Amino acid sequence: MMTMLRRPLFWLILLLAGIFAWLPVRGNNVALREDLILVAVAIILTSNLNLMIGYTGYVNFGHIVFYGLGGYLGLYLATVRGWHLVISALVAGVLVSLVALLFGLGILRLRGAYFALATIGVLVAVQAFVANFEPWGRSTGMYVSFDSYAPLGGPRHALWTTYFLVIGVMALSLLLSLAIKSSKFGLGLFAIREDEDAAIVLGVNATVYKAIIYSVSAFLPAVAGALMFFKNGMIDPSIAFEYMLSLEGIVMLMLGGSGTVAGAALGAGLYERLRSYLLTSPRLSEFHLVIAGGLLLLVIRLAPGGLIGWLYRLIPHSREVVE
Amino acid sequence: MTGLLEVRGISKRFGGLQAVSDVSFTLNEGEILGLIGPNGAGKTSLFNLVNGVYKSDKGSIMFAGKDITGLSPDRVVRLGLARTHQIVRPLQGMTVLENVIVGACFGRENQSMHDAHATALEVLEKVGLAKRAYSPARALTLASKKRLEVARALAAKPKLLLLDEVLAGLNPTEIAQMIDIIHSIRDSGISVFMIEHVMQAIMNLSDRILVLNLGRKIAEAPPAEVVHNTDVVEAYLGFPDIVDKLRGMA
Amino acid sequence: MKRATLISFLLCTCLAVSCLAQQTITIGFTVSRTGALNVDSLEQYRGFELWRDTVNASGGIKAGGKGYKVQFASYDDESNTKRVQQLYTRMILEDKADFLFSPYSSSLTATAAIVTEQYEKIMLTTGAAEEKTYKLGNQHLFQMFAPASQYLTAALDALKAKDPKATVAFVYEDASFSVAVVTPAKTYAQQLGFNVVFTEAYAPNTTDFSALIDKVISSKATVLLGGGHYADGSTLARQLTGHKVPLKMITLLVAPDSPQWSELGDAAYGVIVPSQWEPQSTFKAEYGPSGADFGNAYTAKYNAPPSYESAGGYASGLILQRAIEQAGGIDTAKVTQALNATDITTFYGRTRFSTQPNEHGLQVGHTIFLAQWQKDKSSKLVKQVVWPLAGKSADLLYPIH
Amino acid sequence: MSGILASMIDGLLIGSVYGLAAMGLSLIWGVMDVINLTHGSMIALGMFGMYLLFAAIAGNPYVLLIPVIAAGLLLGILVYWLSVNWVVGRSQLMSLLSTFAVNMMVIGIGTAIWSTSPYNVDFSLSGITVGAYTFTGNHIAAAISALLIALLLEAFLYHTRAGKAIRAVADNRDAAELMGISSTRVLMVAFAIGIALAAASGALVSTLFPFTILSGAGYQLKSFVVTVLAGLGKPFGALVAGVLLGLLEGAVSPFIAVSWIPLIEFGLFVIVLIFFPRGIFGKATA
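Our subject in this report is the structure included herewith. (Residues numbered from 1 in each chain as written. Chains lettered and ligands numbered in written order. Predicted model: local features only at pLDDT ≥ 70, side-chain atom pairs only at ≥ 80, totals over all residues. Heavy atoms only, no water.)

Side note on the overall build of chain D
Okay, so step 1: A tally of regular secondary structure across chain D gives 11 helices and 2 strands.
Okay, so step 2: Order of helices (α) and strands (β) in chain D, N terminus to C terminus: α-α-α-α-β-β-α-α-α-α-α-α-α.
Okay, so step 3: Oriented by its inertia axes, the alpha-carbon framework of chain D measures out at about 60 × 50 × 35 Å.
Okay, so step 4: Here chain D holds 286 residues, and 58% of them are scored as buried.
Okay, so step 5: Contacts in chain D between residues at least 24 apart in sequence constitute 77% of all its contacts with a sequence separation of at least 6.
Okay, so step 6: Element-wise, carbon and sulfur atoms account for 69% of the exposed surface of chain D, whose accessible area totals about 10700 Å².
Okay, so step 7: Distance between charge centres in chain D, computed from 10 positive and 9 negative side chains, equals 11 Å. (Helix = DSSP H or I, 4+ residues; strand = E, 2+ residues; numbered from the N terminus. Buried < 20%, exposed > 50% of the residue type's maximum accessible area, 1.4 Å probe, protein only. Contact = heavy atoms within 4.5 Å. Areas by Shrake-Rupley, 256 points an atom, 1.4 Å probe, with all protein chains shown as cover. Lys, Arg positive; Asp, Glu negative; His and termini not counted. Charge placed at Lys NZ, Arg CZ, Asp CG, Glu CD.)

Here's what the structure looks like:
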């Protein structure tokens, strides 16, 4: 922990979270808050996805399944069971992590493209299950009733509370990435990414490491899902398990720089802002996918290290600050 | 007295191919045991069985008094049995130092990152790679990559080191340096089990030599005896130059 | 110097006066220009648009001695609830929308309602019949559509009159709206003594109904009720025809109301749709245009007859306009009061909102029609009102073949 | 005729179209180790290709398949140079991402042109009625077309020089290069054929169901399931597995709500991947 305090990025993450929390409060700018919360969620999803893709070298096409399941569990606990939002979100996070651990022990026996395909299978299968699951409202999903906001001081207050909580989860996601990166555990993951068989021969218990990181990468997205769908007031299977969003997470990661803490945040922030801009721009709204796809193609072809990789080449010493 | 590594009746079959067939041997503490045999004799398969990459069909493996049959490679290395690969497998995207730190962290002593750093620098010094510590592993020459393989395995603080053709592809100077390294490893108290095609080197280095042919053990004896073993000479008949070398050495 | 000051003073005054006389109000809403709901959503949008153009052409909404030009702030929500929430927030906070209309569909509206209620903004909902949203404690939400539970009761009443021994199958989209329609309808059918032989919900976006159709045939149902929105409903009708299912009555939600329905040819014939409004309806409008005037203006502008989504869109504008006039301005509290007191018949029919605290804003004045696609003398497909009997333009065709 | 038999015949007919789509995916996988994530958008383009041709010429859709396939081959060559050529032999992450990027672009352009509204190819052949059940002419014709195309592909792969070269490269790329086969050209041709198969299956689907530019995604997922059932890289196995998947859908649907079928299919998909990575026809080896 003491070593964390000496790292510039640790303080930069706290600063970022502070700015996120402060900007919309100043002048009670709710529109900005709504923009920033989407950026924060993109950062949460991308930095946790980075733990699988960037750190461990396993492409997860179905990462959004954790977000959606977290949303369902959180909403169910908070509205049907009437638990406090924070407790609901944490319990949802723990339960989803356990589910991920179970899935992980199965599908992590697969390597490379086979694993990637299996993650798509898991996403579709879970979505199909939830769409038929009666207690969660099948395809129509669940709605939050207005009295669920009462414990948080009414709906208007509840929105601010969820915002600060999401910013907290964002900061935790980045700190988690940073902590893992500098740990022995992270070193083991990197070894698996570079050459799994060699890593095993060097003593890395790859089976356990992969299952743990798969489960860990599920936790904060699930918490964020619980918070976000509570804030949105409803959830249904098509928005909870949006395949496209899962794939866009990969674009964000590659754009920023896979395997780096700052890259995941940078890529997510830039891409989400670009996407929001394109969607509300009358002339470009239809082209956001074309632009995103073209961007991805250019990045992997010309700068496979993403923006951060490019920064490293430009300023080699930047490696010590942005990790 | 029991040996450090005792292999009893081990076998492995792949489809129609009997890769290793009922092989038994003992490796004593402090010993350098050589492993030779023609191509396809099953040498690397035997290594893979010993360190757990392959699960054996039959037989048992005892290491330092513990039954390690069927243990996965990562557990085997934590018990003190490390190895190198015939085809070098550095963790390409990481630096030389990081590669060795991985070895130290997940090796027998299960070191912390801090201790592993110190161990890694020490080991790199030993194999002569200290100057390249911060280079990316992919940038090394073949000879340096072989040293890196050895360094990584050494960083695990093993009791027994399996070396799979660490001399192959090196020029005479590099071979001489590597032989020095192997000597110093043994001098530091680590036993060595090595596969090698460079006959002169293995004959000089090994205390005893194990010879495999077609998955079977055909000889286990000190180098001087091995070269006179008719089975061994026969096994190498397809390779006249090696037979000559064997003869020449005797 | 003095002159310049005087001129600028005069200019300012002029501007101020004209501003006073001609203010604008901004109405925000999202349209599903893309995604699964685009057909119905676009028809609803045209209703909003026609109302705005009509009002602005006659000098805007006149209230409290001022004239208010209407302007829209609207975006594409991609038929996606996540965007709906972001965009409604944006319209309220950045575009400073004074009032809101709902997006199309019950599920998008439910999401938008959370935002509008949080900011205490009035939203008139149309294209959103499901009731649950009005039972969550909203104070500023007003429903223009007759609630979902009414949709199929008329069809079942009509069936009871024609064939009390019919066997009934419910095949419907698993979406907020159709679930809200079918769940009470199934109970009602059993109350009427019908034998409900098959009930199954299909996933939104289903295109291959073969398996479901085989099951309907196996169940020996003679009547099919269900559907959801345009895309799935039209496909279901086509495939029922392709598989030559011997049904005596087909009633589908929403889809057959669209003018596009006639393009289905044989598959369109005989299909019944519960409707919020039909061009043949003859309400005596106490306020706004007559049904014929609306229909003509709409057809002139869009080159297609209006659907009930379009009528609902236009009527939302009218009801809001009247409430602003009665309130004498755009103050939210006063307009809310005026809406609570609304009880008026327009070309669209009667509109009255519940003021009960447990269902505030629920539509309690409007009622449902049944329309059926029949052939006129020249064998052209036309939509006829067949229920209620008092307002019918043709007799119910039963069985279809 | 019983409901379950009728349902299985329906499944068999649609299953052959799934099989055709999966053949393309499987061929590309087998020859160049690339999981082609553009497959869904190529299927969708096949649908719109048929739609446009049918709207312009109003001919017989099964004749119009020929220009759709030809256009598919050209498109395949274009996509190959845009996104595949430079990732062959590199990490699978690269090829997944580069084909995925092109997929996004095609979907984006398609959305700009056609929006996401549904389209129909308004054509129907009279079907065959057995008892209460009717099998539509379009389904029967689609199944026959799919089988014919599969037979043509087989003839091409086994009886032409180019086909043999493709199989040689699939078997061992390095060895084939040593024998003087230009692997880049072979890969390009194989990829183009894979895309043409996708387009053909899309064109056939367009005569059965309404479609949007996004519809290809669902068929791509089905193709994954079929390809994995057959074992990746076995085109003809994929055709058989497609038919089996259709039969399975038909056999279970009378007993459970149709909306459960995706769960069964994708559950099966994950289980087969984990326990039979070489497919249900594959032999287990070490």
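Things to note about the side chain of His 366 of chain C
All names here are of chain C.
Okay, so step 1: Within the secondary structure layout, His 366 lies in the loop between β13 (349-352) and β14 (369-375).
Okay, so step 2: Judged by relative accessible area, His 366 falls into the buried class, the value being 2%.
Okay, so step 3: Within the structure, the side chain of His 366 is placed 2.7 Å from the backbone oxygen of Gln 276, a separation counted as a polar contact.
Okay, so step 4: A distance of 3.3 Å separates a polar atom in the side chain of His 366 from the backbone oxygen of Arg 350.
Okay, so step 5: Residues within four places of His 366 in sequence aside, it is in contact with Met 144, Ala 146, Gln 150, Gln 276, Tyr 348, Gly 349 and Arg 350. (Polar contact = N/O pair within 3.5 Å; in protein donor to acceptor, adjacent residues only side chain to side chain.)

Here's the deal with the interface of chain C and chain D
Okay, so step 1: At the junction of the two partners, chain C supplies 22 residues and chain D supplies 27 residues.
Okay, so step 2: Together, the buried faces of chain C and chain D total about 1900 Å²; carbon and sulfur atoms form 51% of this surface.
Okay, so step 3: If you look at where chain C meets chain D, you find 1 salt bridge.
Okay, so step 4: A salt bridge links Arg 238 of chain C to Asp 122 of chain D; the nearest nitrogen and oxygen atoms lie 3.5 Å apart.
Okay, so step 5: Looking at the side of chain C that touches chain D, the elements with two or more residues in it are β8 (195-202), α7 (210-219) and α8 (230-242) of chain C.
Okay, so step 6: Per-element accounting of the side of chain C that touches chain D gives the leading share, 7 residues, to α7 of chain C.
Okay, so step 7: Residues belonging to the side of chain C that touches chain D are distributed by class as follows: 5 nonpolar, 10 polar and 7 charged. (Buried area = accessible area lost by both parts, 1.4 Å probe. Salt bridge = Lys/Arg side-chain N within 4 Å of Asp/Glu carboxyl O. Nonpolar A, V, L, I, M, F, W, Y, C, P; charged D, E, K, R; others polar.)

Side note on the nonpolar core
Okay, so step 1: Core analysis: the biggest nonpolar cluster contains 379 residues, and Ile 27, Trp 51 and Phe 170 of chain C together with Met 32 of chain D have the highest contact counts within it.
Okay, so step 2: Per element, the largest residue contribution to this core is 16 residues, and it comes from helix α3 (residues 30-56) of chain A.
Okay, so step 3: Those residues in contact with Phe 170 of chain C, other than ones at most four positions away along the chain, are Leu 152, Val 182, Ala 185, Lys 186, Ala 189, Val 196, Phe 198, Thr 199, Glu 200 and Leu 225 of chain C.
Okay, so step 4: Ranked by size, the runner-up nonpolar core spans 32 residues in total, among them Ala 169, Val 216, Leu 224 and Trp 261 of chain C. (Core = buried A, V, L, I, M, F, W, Y, C linked by side-chain atoms within 4.5 Å.)

Describing the packing of aromatic side chains
Okay, so step 1: Under the criterion given, the structure shown has 52 aromatic pairs over all chains.
Okay, so step 2: Its guanidinium or amino end placed over the ring of Trp 160 of chain A, Arg 33 of chain A lies 4.6 Å from that ring's centre, counting from NZ or CZ. (Phe/Tyr/Trp six-rings, centres within 6.5 Å; stacked < 30°, edge-to-face > 60°. Lys NZ or Arg CZ within 6 Å of the ring centre and 35° of its normal.)

Let's talk about empty space enclosed by the protein
Okay, so step 1: Applying the stated criterion across every chain, the model contains 8 cavities of 30 Å³ or more.
Okay, so step 2: A volume near 140 Å³ is recorded for the largest cavity.
Okay, so step 3: In terms of lining, the largest cavity is formed by 13 residues, of which the most central are Val 41, Ala 42, Leu 45 and Leu 245 of chain A together with Lys 82 of chain C.
Okay, so step 4: Within the residue set of the lining of the largest cavity, elements represented by two or more residues are α3 and α12 (243-256) of chain A together with α3 (81-93) of chain C. (1 Å grid on protein atoms, 1.4 Å probe; cavity = no way out; pocket = protein on both sides within 12 Å on 5 of 7 lines; lining within 4 Å. Points joined across faces, edges and corners; volume = space filled by probe spheres on them.)

Observations regarding the pattern of salt bridges
Okay, so step 1: Following the criterion strictly, the structure yields 33 salt bridges over all chains and no others.
Okay, so step 2: Across the pair Arg 208 of chain B and Glu 220 of chain B runs a salt bridge, and its minimum N-O distance is 2.8 Å. Taken together, the positions of Arg 208 of chain B in strand β9 (residues 208-213) and Glu 220 of chain B in strand β10 (residues 216-221) put the pair 12 residues apart, joining distant regions of the chain.
Okay, so step 3: On the basis of relative accessibility, which here comes to 19%, the residue Arg 208 of chain B falls in the buried class.
Okay, so step 4: Residue classification places Glu 220 of chain B among the partly exposed residues on the basis of a relative accessible area of 27%.
Okay, so step 5: Here Lys 383 of chain C ties to Glu 278 of chain C by a salt bridge, and the two come within 3.2 Å at their closest N and O atoms. Here the residue Lys 383 of chain C occupies a position in strand β15 (residues 381-387), and Glu 278 of chain C occupies one in the loop between β11 (272-275) and α9 (291-302), the gap between them amounting to 105 residues. The same class applies to Lys 383 of chain C as to Glu 278 of chain C, namely buried.

Focus: the environment of Ala 192 of chain D
All names here are of chain D.
Okay, so step 1: If you trace the backbone, Ala 192 turns up in helix α8 (residues 183-206).
Okay, so step 2: For Ala 192, a relative accessible area of 3% translates into the label buried.
Okay, so step 3: Here the alpha-carbon distance between Ala 192 and Tyr 80, two residues 112 residues apart in the chain, equals 7.5 Å.
Okay, so step 4: Discounting chain neighbours no more than four positions away, the residues touching Ala 192 are Gly 72, Leu 73, Gly 76 and Ile 77.

Interpretation note: all reported values are geometric properties and have no functional meaning in isolation.
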